[in-house]
Amino acid sequence: MASESHKTDKERFEEEVLQFLNGLYGYALHLTRNPEDACDLVQETYARAFKAWKQYTLGTNAKAWLFAILRNTFLNQRRSTKRRPTEVPCDWVDELPREDVPQLLRFGPDPYDKFLNDLLAENIEEGLALLPETFRSAVVLCDVEGFSYKEIAEILDIPIGTVRSRIHRGRARLRELLEKWYLEGEGELGS
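Here is what the cut-offs are and how they apply
- Residues numbered from 1 in each chain as written.
- Predicted model: local features only at pLDDT ≥ 70, side-chain atom pairs only at ≥ 80, totals over all residues.
- Heavy atoms only, no water.
- Core = buried A, V, L, I, M, F, W, Y, C linked by side-chain atoms within 4.5 Å.
- Buried < 20%, exposed > 50% of the residue type's maximum accessible area, 1.4 Å probe, protein only.
- Helix = DSSP H or I, 4+ residues; strand = E, 2+ residues; numbered from the N terminus.
- Domains from an automatic or database assignment.
- Polar contact = N/O pair within 3.5 Å; in protein donor to acceptor, adjacent residues only side chain to side chain.
- Contact = heavy atoms within 4.5 Å.
- Axes fitted to C-alpha atoms, helices over the stretch in contact; angles between N-to-C directions.
- Parallel < 35°, antiparallel > 145°, perpendicular 65-115°, else oblique.

Caption draft 1: Just the nonpolar core, in detail. Core analysis: the largest hydrophobic core is formed by 43 residues, its most contacted members being L24, Y27, L70, L141, I152, I155 and L156. Those elements that place two or more of their residues in this core are α1 (9-18), α2 (21-32), α3 (35-51), α4 (62-81), α7 (133-144), α8 (149-156) and α9 (160-184). When residues in this core are grouped by element, the largest group, nine residues, is from α4. Both domains that furnish three or more residues to this core are identified here as domain 1 (8-81) and domain 2 (91-184).

Structure representation (C-alpha cells):
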C-alpha cells in the first residue's frame, strides 16, 4: 500500500469508512432483527457511501455519516417492502435439564449461567424490537453504539432535545417490558 503521504483521497476515504463495518452491522441487526437482512443493509450502505464518496469531507465524522446513510436506507427499504422477519417460538427452553457440570467449569463459565445470560440478552433484544422505531433507534445508537446525543441528533436529523426525550422514553418502555416479563414468569425473564 502507498505511504500515508502518497495515498489518494479514495484510499484515505476507504480506510476512514471501513473501520465502522462491525458497528454498522450491529445497528443494522437492531433495525432489521434478521442477520441476513442486516448484512444486506450494511452492504447497501457501503455501496451508497462509495458511490457518494466525493461528497464526503475527509477527516469529518465518518461514523455518523455512515450511520445516517444506513438508517435512511433502512427506512426507505421498509417503506417500500413492508416485510417482517419470521419469528420462531422457543417454548423448549423451559424443558432443558439443569445438571451440574463441574468438569466443564474448568474450560470456562458455567454453560447454564451463560445460557441464562444469553436469554437475558434475548429478552433485551426482544424488548428493543417491540419499541417503536423512533425510540429503538435512539436507544440503540446511544446505549449500544455509544454515540453522543449530538451525533444521534445529526444521524436522525432531529433536535437534541428530541433525542434526549426518545432515549428516556425508550429506556423507560424497555424497563417496563422487562419488569412485566419478569413478574409474569415469577422471577424468570421470558415473554
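Still to come is the rest of the account.
Caption draft 2: Spatial organisation of the side chain of T45. Position of T45 relative to the elements: it lies in helix α3. Classification of T45 by relative accessible area gives buried; the value is 0%. Of note is the side chain of T45, whose polar atom sits 2.8 Å from the backbone oxygen of L41. Once residues lying within four places of it in the same chain are set aside, the contact partners of T45 are L66, I69, L70 and T73.

Caption draft 3: Focus on the packing of α7 against α9. Packing of α7 against α9 brings their axes to within 8 Å, and their N-to-C directions diverge by 95°. Classed by the angle they form, the pair α7 and α9 counts as roughly perpendicular. Between α7, through T134, F135, A138, V139, C142 and D143, and α9, the contact on the second element is made entirely by R166, I167, R169, G170 and R171.

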